[in-house]
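# Residue-level structure breakdown
One letter stands for each residue in the lines below.
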Amino acid sequence: MVCLATACTGGPDLDGRQQRIVNVLSEENYMWARRDPALLAMKLHKMQRGPYEWLRGTAGVFWRDTMEPRADRPTTTFGSPASSRVLLVGDPHPENVGTFRSDDGTMFLDWNDFDSSGYGPFTGDLRRLGAGLAVALVDPDTARMVVTRVVTSYAATMAALAAGSDVGPVAHGHGALFDDDLDKALKHGDAREGVNEVAPVIDGTRVLAVGDLAPIPSDGVIEDRVSEVSDDEAAWIDAAVAQWQAAHPSTGSIKLRARRIGSGVSSYAALRYNVILEGETDATDDDRLLELKETRDGLVIAGQPRFAVAEWSSPGARAVDTQQRLQALDGDPLLGSALVGALSLKIKDREEYQHGINHEDLAALVSNRQKDYEDLGAIADAYGQMLAHSHGTALTQDGVAGWRVIEPLLSGREDAFVQELTALCLDDAAQTVDDQLRMASFDLATLVVPESL
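Residues numbered from 1 in each chain as written. Predicted model: local features only at pLDDT ≥ 70, side-chain atom pairs only at ≥ 80, totals over all residues. Heavy atoms only, no water.

### Digging into the environment of Phe108
As for its position among the elements, Phe108 is in strand β3 (residues 107–111). Along the primary structure Phe108 and Leu182 are separated by 74 residues, whereas in three dimensions their C-alpha atoms are 7.0 Å apart. Beyond its immediate chain neighbours, meaning those up to four positions away, Phe108 contacts Gly98, Thr99, Phe100, Arg101, Ser102, Pro169, Val170, Ala171, Leu182, Leu329, Asp330 and Gly331. (Helix = DSSP H or I, 4+ residues; strand = E, 2+ residues; numbered from the N terminus. Contact = heavy atoms within 4.5 Å.)

Right, dumping it as structure tokens:
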């Protein structure tokens with residue numbers, strides 16, 4: 001049983017909402033608290049930097065609120081039992097979209113984080129996306145416009161799928177910001193900047209860039225650190241790569257291994273390793289960079305069974321399968337998973353073709369009330385299209401295409417759907433901002449990490 005500091009030491013009095021937040025964070029982070037409480041404390045400090053970082057670290061709070069609503073936070077009326085068994089991204093906030101390069105060279109944007117994927121109500125994913133955009137954009141008028149466009153685009157894309165239209169991936173042509181991100185990703189990927197950052201070539205030999213690749217800010221949170229691995233970690237890595245190579249036999253041997261700390265918010269305390277593999281030749285210019293990331297159970301939704309054991313062999317296998325089912329194209333031929341003891345790992349390409357969206361870049365577009373508003377509108381359309389394509393084309397828990405259970409709920413009621421979901425997204429965003437303010441003065445680590453540790 002987790003013993004909270006407030007209960008064990010007579011710590012600060014918490015109101016009901018604050019205690020709910022602490023309880024959820026304590027439950028979700030308990031394993032990480034036992035393994036590395038100092039790293040978990042950094043995650044909690046990172047969450048408290050602002051409302052958007054708070055949103056990223058509190059997906060569990062969001063889903064509990066959505067599935068167990070208070071009287072002042074009603075659920076949507078657009079739902080059915082079948083539409084509550086849609087395959088979800090789980091945490092489709094704006095920064096969980098990134099660039100990818102398909103086998104034929106096509107650069108496109110799609111969801112890039114499936115740690116929380118699983119089955120649930122499609123409206124929950126949509127609310128999470130809308131709330132994330134509203135929190136990122138700050139300005140209420142802009143937020144309302146963007147969220148309305150997202151929900152409208154979602155409904156229109158779902159109708160197009162039902163009509164048999166070929167809804168392609170989000171590529172160039174969805175706003176200048178997205179176009180710029182795609183162009184940069186292609187340039188940096190072709191230059192192999194990812195592998196050269198973690199292991200530059202010095203005098204013809206790759207060596208690890210051990211140390212901090214980014215300065216540590218005043219809150220003490222590690223931003224990007226590369227370190228050597230222990231013998232035990234090296235053994236885990238070798239075993240995981242050997243499993244992965246069963247499906248990728250053409251890849252070369254391991255040259256270097258490194259621990260990487262600093263990515264993410266919700267998954268900040270997860271184990272991440274970078275592995276440099278020998279390329280097709282002995283030269284250094286065709287070496288590959290992999291990321292091995294610890295993956296845990298996905299969504300916990302009231303009334304829904306847990307499928308980590310039944311449908312998927314491990315959390316990593318779930319994350320890989322759902323990425324392949326929810327993305328519009330195959331953007332990572334190196335994607336795979338491994339299970340080493342109880343450690344489940346997702347393995348992916350770590351090259352710069354895969355580069356995430358920055359919410360601050362979205363917020364910066366608010367300033368220009370004409371050109372940038374048009375760009376934001378196009379971006380909002382793209383977010384709605386991506387989520388609808390994922391939900392609509394992936395098979396549900398019942399084995400049918402998602403659009404078959406979602407589109408009938410929206411047909412003829414699109415205006416009501418847009419109004420209702422927009423209001424819920426903005427309400428969810430307001431709750432996120434309020435929660436962050438409620439907890440801003442607390443040292444979360446003293447509340448979340450069990451006193452016994």
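### A few points about the sheet that holds strand β7 (residues 211–212)
In a beta sheet, neighbouring strands are held together by backbone hydrogen bonds and run either parallel or antiparallel to one another. Pairing in this open sheet of seven strands is antiparallel, and the strands run β7-β8-β9-β10-β11-β13-β12 from one edge to the other. Only two strands of the sheet have a single partner each, and these edge strands are β7 and β12 (336–340). Here helix α11 (residues 231–245) sits on the sheet in contact with β9 (254–261), β10 (272–277), β11 (288–294), β12 and β13 (343–349), set at roughly 135° to β12. (Pairing = 2+ DSSP bridges. Axes fitted to C-alpha atoms, helices over the stretch in contact; angles between N-to-C directions.)

### So, the confidence of the model for the protein
On average, residues of the protein score 92 in pLDDT, and 94% of them reach the 70 mark or higher. Per-residue pLDDT stays below 50 along residues 1–9; that stretch engages in 22 contacts with residues further than four places along the chain or on separate chains. (pLDDT = per-residue confidence, 0-100.)

### Quick notes on the pattern of salt bridges
Overall, the coordinates contain 31 salt bridges when judged by the stated rule. In this structure, the salt-bridge partner of Arg206 is Asp287, at a minimum N-O distance of 2.6 Å. Remark: Asp287 occurs in the loop between β10 and β11 and Arg206 occurs in strand β6 (residues 205–206); sequence separation between them is 81 residues. Asp287 shares its class with Arg206; the two are buried. The closest approach of N and O atoms between Asp212 and Arg225, which form a salt bridge, is 2.8 Å. Within this pair, whereas Asp212 is found in strand β7, its partner Arg225 is found in strand β8 (residues 225–227), the two being separated by 13 residues in sequence. One network of salt bridges, in which partners are shared, links Arg17, Arg20, Asp65, Glu68 and Asp435. (Salt bridge = Lys/Arg side-chain N within 4 Å of Asp/Glu carboxyl O. Buried < 20%, exposed > 50% of the residue type's maximum accessible area, 1.4 Å probe, protein only.)

### Comments concerning empty space enclosed by the protein
With the rule as written, the count across this model stands at four cavities of 30 Å³ or more. Taken together, Arg17, Trp54, Thr58, Val61, Phe62, Asp65, Arg73, Arg128, Asp428, Gln431, Thr432 and Asp435 form the lining of the second largest cavity. For the lining of the second largest cavity, the secondary structure elements donating two or more residues are α6 (59–67) and α16 (414–439). Among the elements that take part in the lining of the second largest cavity, α16 stands out by supplying four residues, more than any other. (1 Å grid on protein atoms, 1.4 Å probe; cavity = no way out; pocket = protein on both sides within 12 Å on 5 of 7 lines; lining within 4 Å. Points joined across faces, edges and corners; volume = space filled by probe spheres on them.)

### Some thoughts on the packing of helix α2 (residues 16–28) against α6
Across the interface, α2 lies against α6 with an axial gap of 9 Å and an inter-helix angle of 120°. In terms of axis orientation, α2 runs oblique to α6. Note that α2 runs across α6; the crossing there is right-handed. Residues Arg17, Arg20, Val24, Glu27 and Glu28 of α2 touch α6, and the partners they reach there are Gly60, Val61, Arg64 and Asp65. Per-class residue counts for the contact of α2 with α6 are two nonpolar, one polar and six charged. (Parallel < 35°, antiparallel > 145°, perpendicular 65-115°, else oblique. Left-handed = near helix turned anticlockwise from the far one by under 90°. Nonpolar A, V, L, I, M, F, W, Y, C, P; charged D, E, K, R; others polar.)

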